[in-house]
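If you want the building blocks of each chain, they are given just below.
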Amino acid sequence: MNKKKIIIAEIKEEGSTNGVSRYIEMLREGLYSENFEIVCLVFIFSTMIRLHKHIKHQNYTEIIIPLPINPHTINKSYWNDEYNHIVSYILRNELMGKFIFHIQTMNLIQLAIYLRANYDCKIVSHIHCIPWKYLYEDNKRHFNHIFKRIYIEEDTDDNYFKTFTIEEEYLICSKSDAIICVTKSSKNYYETYLHTCPEKVHFIPNGLKDRCENQVLFEDITKKNPICILYVGTVSKAKGVHLLLEALNIIESKGYNFELIIAGKITEEMKKEIKRKPKLKIKLLGQVSFDTLCSLYKKAHIGVITSLFEQCSYVAIEMSMFALPTVYSGIEELHEIFDKNAGMFIPALYNTNTGLTLDKKVLASKIELLINSPFLRRKIGQIERTKYLQEFTLEKMINRTIKVYNSL
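Below: a short report on this structure. Keep in mind that this is a model prediction, so the values were computed, not measured.

Parameters at a glance
In this numbering scheme, every chain counts its residues from 1 along its sequence in written order. Totals for whole chains, interfaces and linings use every residue, but because this is a predicted model, local features are given only for residues with pLDDT of at least 70 and side-chain atom pairs only at 80 or more, for both listing and counting. For the side-chain quantities, the full set of heavy atoms in the structure was used; hydrogens and water were omitted. Secondary structure elements are defined from DSSP: runs of H or I of at least 4 residues count as helices, runs of E of at least 2 residues count as strands, and each element is numbered from the N terminus. For the radius of gyration, the atom set is restricted to C-alpha positions; the globular benchmark scales as 2.2 Å times the number of residues to the power 0.38. Here's how the labels work: a residue is buried when its accessible area is under 20% of the maximum for its type, exposed when over 50%, partly exposed in between, all with a 1.4 Å probe on protein chains only. Whether two residues are in contact is decided by their heavy atoms: any pair within 4.5 Å suffices. For the accessible areas, the method is Shrake-Rupley and the probe is 1.4 Å, while residue cover comes only from the protein chains on display. The positive count covers Lys and Arg only, the negative count covers Asp and Glu only, and His and the chain ends enter neither. We put the charge of a Lys on NZ, of an Arg on CZ, of an Asp on CG and of a Glu on CD. Residues belong to a common nonpolar core when they are buried Ala, Val, Leu, Ile, Met, Phe, Trp, Tyr or Cys residues joined through side-chain atoms within 4.5 Å. Basic side-chain nitrogens of Lys or Arg form a salt bridge, by our definition, when they fall within 4 Å of a carboxyl oxygen of Asp or Glu. Two rings from Phe, Tyr or Trp (for Trp, the six-membered ring) form a pair when their centres are within 6.5 Å of each other. A pair whose planes differ by under 30 degrees is stacked, one over 60 is edge-to-face, and the rest are tilted. By definition, being over a ring means that NZ of Lys or CZ of Arg is both within 6 Å of the ring centre and within 35 degrees of the ring normal.

## Observations concerning the overall build of the protein
Then step 1. The helix and strand inventory of the protein stands at 16 helices and 16 strands.
Then step 2. Its C-alpha atoms give the protein a radius of gyration of 22 Å, within 12% of the compact-globule value 22 Å for 408 residues.
Then step 3. Burial status across the protein gives 53% buried among its 408 residues.
Then step 4. A sequence separation of at least 24 residues applies to 66% of the contacts in the protein between residues at least 6 apart.
Then step 5. Of the roughly 19900 Å² that the protein leaves accessible, carbon and sulfur atoms contribute 50%.
Then step 6. Of the side chains in the protein, 54 bear a positive and 47 a negative charge, and the two mean positions are spaced by 4 Å.

## Section: the nonpolar core
Then step 1. F43, F101, W132, Y189 and I367 are the most contacted members of the largest nonpolar core, which has 137 residues in total.
Then step 2. Residue contributions to this core peak at seven residues, all from helix α9 (residues 241-252).
Then step 3. Once residues lying within four places of it in the same chain are set aside, the contact partners of F43 are E10, I11, K12, I65, L67, Y83, V87, L108 and L111.

## Considering the pattern of salt bridges
Then step 1. For the structure on display, the rule yields 20 salt bridges.
Then step 2. Between D291 and R211 there is a salt bridge; the shortest N-O distance is 2.8 Å. One end of the pair, D291, is in helix α11 (residues 290-299); the other, R211, is in the loop between β8 (201-203) and β9 (227-232), with 80 residues separating them in the sequence.
Then step 3. Exposure remark for D291: the relative accessible area of 51% places this residue in the exposed category.
Then step 4. Salt-bridge contacts for E368 lead to K254; the nearest nitrogen and oxygen are separated by 3.0 Å. Within this pair, whereas E368 is found in helix α14 (residues 360-372), its partner K254 is found in the loop between α9 and β10 (258-263), the two being separated by 114 residues in sequence.
Then step 5. The exposure class of E368 is buried, given its relative accessible area of 16%.
Then step 6. What you see here is one network of salt bridges that share partners, running through K148, R149, E153 and D155.

## Some thoughts on the side chain of S185
Then step 1. By the element assignment, S185 lies in helix α8 (residues 184-192).
Then step 2. With a relative accessible area of 11%, S185 lands in the buried category.
Then step 3. If we ignore the near neighbours within four places in the chain, the residues touching S185 are E332, E333 and E336.

## Concerning the packing of aromatic side chains
Then step 1. Tallied over the full model, the rule gives 20 aromatic pairs.
Then step 2. Between W132 and Y151 the ring centres are 6.4 Å apart and the planes differ by 40 degrees, which places this aromatic pair in the tilted class. Here W132, found in the loop between β6 (121-127) and α4 (135-138), pairs with Y151, found in helix α5 (residues 140-152); they are 19 residues apart in sequence, far enough to count as distant.
Then step 3. For the ring pair Y160 and F164, a centre distance of 5.3 Å and an interplane angle of 70 degrees mean the geometry is edge-to-face.
Then step 4. Residue class for F164 comes out buried when judged on its relative accessible area of 10%.
Then step 5. Put simply, the rings of W132, Y136, F143, F147, Y151, Y160, F161, F164, Y189, Y190, Y193 and Y350 pair up and form one aromatic cluster.
Then step 6. In this structure, R28 is placed above the aromatic ring of Y60, and the distance from its NZ or CZ to the ring centre is 4.1 Å.
Then step 7. The ring of Y89 carries R92 above its face, with NZ or CZ at 4.0 Å from the centroid.

What follows is the structure, encoded as structure tokens:
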């Protein structure tokens, strides 16, 4: 029986890793065990790589193709067609017979359309994040304006959506054979606001291989260990870490003994912010390996996610997998993972002056509640672990994805 060929395509910067790379790693591992032929196509921004590379790995073929040094060049219609023609020539040996072209970056939709016009292929577009939500980090004022119009005023005017929806987004909605959204909220967004045909939009959350099988996950509540609070991810104001520090200041002023461990890349702005909180016990680890991260999840008593901009967060799934009771910001994407676990969320508030934010006093009260109750920590950890096993395992993600592939 011939293997079904899947070409997984992404755009990335040299040396960078992100949630998309993590997803591809999981997808690649799961599909290989299901007898698929896998080609990973990586378009890379690099000043060092000038020629394309074919690399044969044990379980897949990797093809690395450099992007133009000036990325604006490829936006020109003529040069875009020329570039796509060159790419198809480089890929010619991989384009024989039927295949599925599974894109992970919206900017690849025009290449996908070009390949489908010339070869026997189907297009699957993976939406890891709704593009306008990146504005939370780049242009918070614009983000808050869009958020207000959509979610507060419930504006569905097509002309307004055209002011911030990118061309590639419209192409994905109209030209893809199937679209995979990682959250229910993004699936609803594309069906409701961009009028995408519901039959081709599929909700498939990210999944992770279980690192905790046959392990004791729940803390020994008979021991009086110092409380360890864990934050994982980019340490920035965009991720709400300044609100976490203010909440912990409130808790520290009440005499509680705890330590905050932070694992992730930290901005210079947040380094200065932390120095202004000398009373807090904070351990900055920087970026750590996944094995180290697993050890931290087992050691910690409480996890915290304060971001107001997420999609299907790997950190949230990891905390659930390790049954780490988590206090989190009450945005819809995180509710989908934690399922409002016993009320351990901080409602996301919209204010006309500050935009979307969290109440640091409520954040402090939720953390304090978990500090005081080891029984509640165990209960919430069990709820999270059950939800992970029901919805976010690698096996479930792969089975759902194969179902989409087989429908094409």
